[in-house]
Structures are given as structure tokens and as C-alpha cells.
Amino acid sequence: MTRGLIAIVAGIAVLAGLGTGIGEGLVAAHAVSAIGRNPEAESKIRTTMILGIALTETVALYGLLISFILLFVFK
């Protein structure tokens, strides 16, 4: 019983990747739109976009880490 609940919670923790994927897609879409409006600022926009995507990706990695901890530590 407990093992099954831990597996369900681990699956929910991995769902953090769903939100980060949507967020990263929105960031990239807005960056492309901004570059289209102001091509001279491409390097600044790209740098900010990559930094934002990297910070957003950490949320998905934390969700994956939590799910691994739940699955392999709590037996």
C-alpha cells in the first residue's frame, strides 16, 4: 500500500516537467517575437532567454530528483 502511494507521488513530482516545458516554450516564443520587432537587440534577448530557460529547467530537475528520492530511498 505504502509503496503504491510513493509511486503515485513520484509520478506527480515528475509532472513538474510539464509546467517547465510550457514555460520554456512561451519564453522562446516571446524571445523570437521580440527579436522580430527589434533585430538589433538579438544578442541581449538571446542571453536573457537562455538564462531564463536554464533557471526554469532547474524546476524540472528538482521534480525528477524528488521522484528518484521517493522511489529509491523510501522502500
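Residues numbered from 1 in each chain as written. Predicted model: local features only at pLDDT ≥ 70, side-chain atom pairs only at ≥ 80, totals over all residues. Heavy atoms only, no water.

### Some words on helix H2 (residues 16–37)
Piece 1. Counted at 1.5 Å a residue, the expected span for H2 with its 22 residues is 32 Å, and the 32 Å between its end C-alpha atoms agrees.
Piece 2. Among the residues of H2, Thr 20, Glu 24, Ala 31 and Ala 34 are the ones counted as buried. All buried residues of H2 fall inside an arc of 90° around its axis, so they share one side. Relative to its buried face, H2 has exposed residues pointing more than 90 degrees away, namely Leu 18, Ile 22, His 30, Val 32, Gly 36 and Arg 37.
Piece 3. In the core, the buried residues of H2 are packed alongside helix H3 (42–72). (Helix = DSSP H or I, 4+ residues; strand = E, 2+ residues; numbered from the N terminus. Expected span 1.5 Å × (residues − 1). Buried < 20%, exposed > 50% of the residue type's maximum accessible area, 1.4 Å probe, protein only. Arc of directions from axis to C-beta. Contact = heavy atoms within 4.5 Å.)

### What about the confidence of the model for the chain?
Piece 1. The predicted model of the chain averages 91 in pLDDT, with 100% of residues at 70 or higher.
Piece 2. Here helix H1 (residues 2–14) is the element of the chain with the lowest mean pLDDT, 88, and H2 is the one with the highest, 93. (pLDDT = per-residue confidence, 0-100.)

### With respect to the pattern of salt bridges
Piece 1. Counted under the stated rule, the structure contains one salt bridge.
Piece 2. Note that Arg 46 is salt-bridged to Glu 42, the shortest N-O span being 2.9 Å. Placement of the pair is Arg 46 and Glu 42 together in helix H3, with a separation of four residues, close to one helical turn.
Piece 3. For Arg 46, a relative accessible area of 41% corresponds to the partly exposed category.
Piece 4. Taking relative accessible area as the criterion, Glu 42 reaches 34% and is therefore assigned partly exposed. (Salt bridge = Lys/Arg side-chain N within 4 Å of Asp/Glu carboxyl O.)

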